[in-house]
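Working through the structure, step by step
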Amino acid sequence: MHRSSRRRLVAAIALSTVTAVVGTACSSGSGAADTKGAGGGSYTVWDPYPQFDKTSAWAKLLDDCGTKAGVKIKRTAFDTGDLTNKTLLAAQQDNAPDVLIVDNPVVSTLAEAGVLTTTADNKLDTSKVDPNLLAAGQSGGKTYGTPIGANTLALYYNKAVLKGAGVDVAAVKDWTSLTAALERVKSAGKKGITFSAIGTEEGSFQFLPWFWGSGAKLTELDSIQGESALALWTDWVKKGYAPNSVINNTQTTSWQEFASGDYAFAENGTWQLANADKAGFDYGVLPIPASAGGNASAPAGGEFVTLPVQGDSGRYATSQKLVTCLTSTENLNATDTALSYVAPTADVQNKQVAAKPALKPWIDAVRAAKGRTSDDLGTKYPKISEQMWKAVQSALSGTESPKDALAKAQSAVK
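1. Things to note about the pairing of strand β1 (residues 42-47)
By the criterion of burial, β1 is predominantly enclosed, with six of the six residues buried. Burial along β1 is two-sided: S42, T44 and W46 facing one way and Y43, V45 and D47 facing the other are all buried. The parallel pair β1 and strand β2 (residues 72-77), bridged by helix α2 (residues 57-69), forms a crossover whose chirality is right-handed. For β1 and strand β3 (residues 99-103), the ladder comprises two bridges, and the chain directions are parallel.

2. Focus: unusual backbone geometry
At D94, a residue that is not glycine, the phi angle is positive and equals roughly 55°. Take D94: it is sitting in the loop between α3 (80-92) and β3. For D94, a relative accessible area of 26% translates into the label partly exposed. We note that K123 has phi near 65°; this positive angle belongs to a residue other than glycine. For K123, the location among the structural elements is in the loop between α5 (119-122) and α6 (131-134). Since its relative accessible area comes to 60%, K123 is described here as exposed.

3. Topic: the confidence of the model for the protein
Averaged over the protein, the pLDDT score is 90; the fraction of residues at 70 or greater is 90%. Across residues 8-39, where pLDDT falls below 50, the model places 79 contacts with residues more than four positions away in sequence or in other chains.

Rules behind the numbers
Residue positions are given per chain, counted from 1 along the sequence in the order it is written. Note on the predicted model: pLDDT of at least 70 is required for a residue's local features to be given, and 80 or more for side-chain atom pairs to be given and counted; whole-chain, interface and lining totals, by contrast, use all residues. Heavy atoms throughout the structure, all of them, feed into the side-chain values; hydrogens and water do not. Partly exposed residues are those whose accessible area sits between 20% and 50% of the maximum for their type, while under 20% is buried and over 50% is exposed, using a 1.4 Å probe and protein chains only. Put simply, DSSP marks the helices as runs of H or I at least four residues long and the strands as runs of E at least two long, and each gets a number from the N terminus on. Here is how to tell: hold the view so the strands point away, follow the path from the first strand over the helix to the second, and if it runs clockwise the crossover is right-handed. Strand pairing is assigned whenever DSSP detects at least two bridges linking the two strands. In predicted models, pLDDT denotes the confidence assigned by the predictor to each residue on a 0 to 100 scale. Throughout, a contact is declared for two residues whenever any of their heavy atoms are within 4.5 Å.

So, in structure tokens, the structure goes:
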């Protein structure tokens, strides 16, 4: 793409509303962009990890990879919600960072704007990455970067609550058996399941395993399968198996409900593992079941490491060395452990399970996960997601039936 044409395209997208599609628990923070150093001795890296300061293992890894590549790293950490707009603005000014680590649903937005180079151009090797995770960074048949790690959703369960209700978790294999377990838990005087159905991307993120688990597609929100998924959630709330609070719950407040010790199940993510260990009760993890059995596809969270377009194409070779270092088997293991992520390659996943067998259900869930922008949805996803969470809110609040809410959502998308 000609540089002036790319500038116009970037400017157009930068001026439009960029929807933040963040499905994970993100720390807040901010950073000011460093000016790219003169010459080839300084390379800029932007990431969404403001929780890691310059003394952290992550910052030290960046510096180490820079040393190995013979350059100095200038790192800036942004809040996830700010990073997309900062990148679009920098690209418009031909001052994009050399290496950009960005939430995976945003990759298609930046790719469409002409901000990112493809792996065919920058020579990144993605051959070992699980295809379902790599798909989140693909658009129009091209791949833009490589995942640094992944997180997803599963069901945490309280072993004592289930035992008290006479529920064998091994028998929970589909929606029917899960609903039966919730009924028994309620009859025993405990609470069933909690999740986040808030009217934001978090709500869509949590609904997607049930939506996909029904066999529905995001291009057909109002299908019979999609309606069955929303009816499942709606019935749970009506029957008291899930609390009315789910309509306002974030993933954090939903977790706090589960941490009270009264709930049998909670839908949440890998990022709650440390909190689960501190909860004070024995817990387990179960992949979210599909309607008819098997594991449902949960949405893949996590970031991609990308190489933005540079005016000086001679910089790509060193940037590629930096990314290759950051995503090497040795470094991925340490980084993904620190981030509570599942690695994107089987080699590192096996190392993670060997070190911590309790990660096995999460690795199974990640292997079944699906990118929100997969199926070549790309930049169409944010609009679809917005209509999805609105439909969920309408149905759970009783404003509309699941069928009518999803029909309205599909009409709005078209």
